Amino acid sequence: MSGMITVEEAEEVVALPPEQPSLPPGEWIRKNLFSSIGNGVLTVLFALLLVFAFRGLVNFAFENPERDWDAVRANLRLYMTFAYPLDQYVRVWVSLGIVLSLSGLSAGLWSPDGYVSARRISTWFLGGGAVLLAAALAVQGQLQRDENGEFLIDEDLELIRGSWASGLGSRISWFALAAILIGAGAAIWFGLGDRRRNTFVRTVNLTYAGFGVIVGSLWVVRYGHYNGSPAEGTHYADPDSLVAMSTRLPWTVMWVLLGVSYFVGKAVRGWPLLKPLALTFWGLLPFFVFWVVLRDPDIDWAHVWTTDLPMYLAFAVIGGAVLFTLTNPSLGEIGRALAFVLLLVAVFTFVGGFFGWFSMLQKARLSFVFLAAFALVANNFAGEFAKRRTFVIGWLLTLGVMHYFVTLINSASTLNIRSDSFLGGFMFTIFAAVFGLMFSFPLGVLLALARTSSLPIFRLLATTFIEVVRGIPFITVLFFFSIMLPLFLPEGMEVAEHGAVIVGLVLFSSAYLAENVRGGLQSVRRGQYEAADATGLTTAQRTGLIVLPQALRVSIPPLVGQTISSYKETSLFAIVGIFDFLRIANNVVPNQSSPINFVGHKREGLLFVSLIYWIGSYAMSKYSQKLEKKLGVGSR
Amino acid sequence: MRNRKLLQLLAAILAFGLVAGACGDSDSSDEGSAETTAAESTDTTVELNQDGGSILDTVISRGTLNCGVSGAAVAFSETQPDGSQKGFDADYCRVVAAAVLGDAEAINFVALTAAERFTAVQTGDVDVLIRNTTWTQSRDSEIGMDFGPTTYYDGQQMMGRESDGFSAGSDIDDLDGLTICMNAGTTTEKNIADAADAAGISITLGGPFEEYDAVVQAFLDGTCDVITTDGSGLVGRKAVQEPAGENWIIFPATPISKEPLGPTYAQNDSKWADAVNWAVYATIIADENGLTSANADAMVADPPSAEIGRLLGGEGERQTAMGLPADAFFQAIKQVGNYDEIYTRNLGPVGLVRDGSANAGWLDGGLIYAPPAR
């Protein structure tokens, strides 16, 4: 039967996992939990420990006079985007919309064929419902208050609590949600009967439905309400109003956008070139969202016409001519020498600029670096005219994109910002993690290659860099970049602190990534190199086509581990005074005495922040497991 | 033949480099910088200031004031749920902005940690630092700061429970044998140890605590008998964290240290210093003369005294000579308020009472005093 239905046609696909004999519950418990007296004792002991820890956690987080979850609810916007101006907030939504549209489009284009069995979905519902039910049952009695709302205390100054039942009374919504979850789980379990094992739902659809349920809940559940301005006094959760008034509509739009773009992606998946285009857009996306959408640069067109455009044309024409010459197959070793001269010029422009020997537009310096990079790989593109033309067009496009972004970076922002940066909170954490990864990954691979290079000077430089950076704690690197660096920079040169710490993050994590990649490089057998050489590949081709793909495949687990730790290390930015996610929870909210007094309410925020970090890390970890399985790491 | 081609190419590249180099340096942003503004001629060195480039001119040409605050100090600078700044220090930033630029909201608040605050001034990241920073000899001389008039006289005090026998009359001698908690590694710790030595008592230092929140938590738990920090911090916490049934007592009446807090800026820039100082003095003179944000319009039309007339930009005003608009202080008072208004608005809600404290006006026995505006 399964052979008749293609994957695209069916939501329900009958796959063929071997039917495992399932033990009756009593048998299972006896076999797994109480197989011997010792094991039985251990099971009971740890189950008790679990129960008490769970009860402690629930009562720590809720039904505790020191907890005030409004501290998180009222400050959700602060947590997410810090001081991003309210009148320009639509930019944040547009950014999110772009990201989600591209996600949907990519999901449609690639159509990942992951499936989840109905049995597993059912156990998720049942498990979630059970945890919620247990939490609802574990709460202590409600604290008693007098008519003024003050907590009642006994003669020992201990707070007076009501009966256990009084705690349950306030948790009606928890019981209701638990009942819904358990009901849904049971319906799937028993409704499908034996078919639950081989009934499957696409992961994509399931994710979309889950997102939809969360978005839908914004219309009914009071998560927290942020609306209006301080002047109007409408900041806070209005207990009788629908919550998330300001976000439920945008989120619904986001949800629809995601779905629509998925179907668009599915419809056009046969078209040529779309996948590489989508990948290019993903690469440019962080820059585009950051500088164009969120920052809204005020471009000085007079400067563009008089300086920027002529400079682009000059580099495009002369650089293009140089590269076209360099790809001449008859140039030989002289081409390489020329490329190194260009590299020296590029380095010299930076060194000279740093010491103030001469002044030069940053864009010119960067253009030299790009030109040198292109020149260095030019001999790989040597050949007939069409090949050389493609290479030069690639140069023109890359240079154009680079000049475009540098122009944007140098343009003043039109945002009405009332703090030192428009970025903060979770938005900054995300950008720091993304930029950190985007730059540190290539740098790490280059460092690893340099460290295993046969040229001693590369080996020496890479080894020194890696060992020095790995010998320094990350917080020291951050202090250097945020506090010391401005003092070392020459007059007139300044680096925004947010940028400086991201540079620190890139350098730090690239050193660790380099070591992970080097491990992978060492696992590539000698024979692979020899075979590549025998085929007549150049060093660059051998590295790019034969060695690196195998090395990176092997290094996936440590690379993802490093990515997760970089993501979490962004929280150290809080110590050098950047208003990232953690600092808002740790310093900002606990110091708000007005309009609502949250002084000292630190733990709610820390729990919230931990949860968000955990979700991000767990998602990355799950994704890497999938990637490993797909690439067959460990099984080949 | 080939070599000649190469030489030509090299010559072309070098010529190109020179042309590009001659384009000048109008934008020197760093590649990785998240958001970089076009480089300003920030006046960080003495030489520059002597050439006549004052921060005042920079601020006016920029159109916004970069003001360094804490962003996480109860009642002094709190970051609000919408990201704005509220508090005593934040309002003094607004006073300076209103005076210099005519708009109390033309401010870019830069939230700084204690570690970065002086570097931020030295590198020109902030024009003025109003971040509960104590005026000390070393900071004034060695670190390259100049200090403006003190806006808040703070001092280290202690807080204990009434049930432990403390009263308003308690003194350092009553701490004998008790556990006292404070932030680790601060002058607070040194002050209390010195005071205990001088009184000849033995105390136990609790902790160490990295953060003041943890100190207060330990006091709430009963781990610490007494906590100590600047008086403003104690009063703020008492107002908002005192549990029902307890009575927290702050003592001794005379603090054991002097912590004058006020605006700070880079040294040797008299023009800027004058602008900041007199913006602060204007709020104090206004308080002395009953000039408030509510009656500023009426007083500018019909000044009660020649001094108020001059201060508000009337005949004989001195503001223009300072490089400020004639109505600078009128705008500051009108848009933000006088000293008492700023104090009451921000520090009142957390229980910091002005009457009878060092922060009362000099006519009421306090230390808040401004030179005459003439």
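So, a few notes on the structure that sits alongside this text. (Residues numbered from 1 in each chain as written. Chains lettered and ligands numbered in written order. Predicted model: local features only at pLDDT ≥ 70, side-chain atom pairs only at ≥ 80, totals over all residues. Heavy atoms only, no water.)

All names here are of chain A. A full pass over the atoms with the stated rule returns 19 salt bridges over all chains. For Arg-470, the salt bridge identified is with Glu-515, shortest N-O distance 3.6 Å. Of the two residues, Arg-470 is situated in helix 17 (residues 456-470) and Glu-515 in helix 19 (residues 497-523); the sequence distance between them amounts to 45 residues. Given a relative accessible area of 33%, Arg-470 falls into the partly exposed group. One network of salt bridges, in which partners are shared, links Arg-451, Glu-467, Arg-470, Glu-515 and Arg-518. (Salt bridge = Lys/Arg side-chain N within 4 Å of Asp/Glu carboxyl O. Helix = DSSP H or I, 4+ residues; strand = E, 2+ residues; numbered from the N terminus. Buried < 20%, exposed > 50% of the residue type's maximum accessible area, 1.4 Å probe, protein only.)

All chains considered together, the criterion is met by 46 aromatic pairs over all chains. Between A:Phe474 and A:Phe508, the aromatic rings sit 4.7 Å apart at their centres with planes inclined by 40°, giving tilted as the arrangement. One end of the pair, A:Phe474, is in helix 18 (residues 474-488); the other, A:Phe508, is in helix 19, and 34 residues separate them in sequence. Residues B:Trp362 and B:Tyr369 carry aromatic rings whose centres are separated by 5.0 Å and whose planes lie at 70° to one another, so their mutual orientation is edge-to-face. When its relative accessible area of 49% is taken as the criterion, B:Tyr369 is described as partly exposed. These aromatic residues form a ring-pair network of at least three members: A:Phe287, A:Phe290, A:Trp291, A:Tyr404, A:Phe405, A:Phe431, A:Phe435 and A:Phe439. In this structure, A:Arg526 is placed above the aromatic ring of A:Tyr529, and the distance from its NZ or CZ to the ring centre is 5.3 Å. Positioned above the aromatic ring of B:Phe219 is the side chain of B:Arg161, whose terminal nitrogen or guanidinium carbon lies 4.2 Å from the ring centre. (Phe/Tyr/Trp six-rings, centres within 6.5 Å; stacked < 30°, edge-to-face > 60°. Lys NZ or Arg CZ within 6 Å of the ring centre and 35° of its normal.)

Residue and element names in this part refer to chain B. The antiparallel open sheet is built from three strands, whose spatial order is 2-3-4. With one partner strand each, in any of the chains shown, strand 2 (72-73) and strand 4 (85-86) form the two edges of the open sheet. Direction of pairing for strand 3 (residues 77-79) relative to strand 4: antiparallel, over a ladder of two bridges. Bridging across to strand 4, Glu-78 finds its partner in Lys-86. (Pairing = 2+ DSSP bridges.)

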